[in-house]
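These are the residues of each chain, in order.
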Amino acid sequence: SGISYTTSCQMNAITYSKKINGKDAILLSAGTNGRTNGKIFVGLVQDDGSINWAYDYQVNTGTYKYSCMSELNDGTVALLYENGKNKYDSNMVFA
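None of these values were measured; they are calculated from a predicted model. (Residues numbered from 1 in each chain as written. Predicted model: local features only at pLDDT ≥ 70, side-chain atom pairs only at ≥ 80, totals over all residues. Heavy atoms only, no water.)

Asker: Sorry, what's going on with the pairing of strand β4 (residues 51–58) here?
Answerer: Working note: regular strand, side chains alternate between the two faces of the sheet. With seven bridges connecting them, strand β3 (residues 38–45) and β4 associate as antiparallel partners. What sits directly across from Leu44, in β4, is Asn52. Between β3 and β4, which pair antiparallel one after the other, the connecting turn spans five residues, and Gly49 there sits at a positive phi close to 90 degrees. (Pairing = 2+ DSSP bridges. Helix = DSSP H or I, 4+ residues; strand = E, 2+ residues; numbered from the N terminus.)

Here you go:
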């Protein structure tokens, strides 16, 4: 199945170390409407190598710019992303 994301800003993807529903998982963070409305998409790798984008999680509903994801030792996913009202009013958020 498809997902809706924007290519006008940096995306980030990682391979998750634990299986989800018995499948290898790919996590993708991206804005979904230009540089806003950040989401993390969860893709499950199928037996034929295709990816089923089974889940998505809303990160925010405002500005969502550059992001970087990492998996912590306990399996928690850490996300660092830039938000703010304009290019002169930006913050880095650790979620």
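Asker: What am I meant to see in the environment of Asn60 here?
Answerer: You can see Asn60 is positioned in the loop between β4 and β5 (67–71). The spacing of Asn60 and Asn83 is 23 residues in sequence and 9.3 Å in space, taken between C-alpha atoms. With residues up to four places along the chain from it excluded, the contact list for Asn60 reads Asn37, Gly38 and Tyr81. Here the side chain of Asn60 touches Thr63 through a polar contact of 2.8 Å, landing on its backbone oxygen. (Contact = heavy atoms within 4.5 Å. Polar contact = N/O pair within 3.5 Å; in protein donor to acceptor, adjacent residues only side chain to side chain.)

Asker: Got a minute to help me understand the confidence of the model for the protein in this structure?
Answerer: Should pLDDT be low for a region, the predicted coordinates there are not to be read in detail. Per-chain confidence: the protein averages 85 in pLDDT, with 87% of residues scoring 70 or above. Taken element by element, the predicted model of the protein shows its lowest mean pLDDT in strand β7 (residues 89–94) (64) and its highest in strand β1 (residues 12–20) (95). (pLDDT = per-residue confidence, 0-100.)

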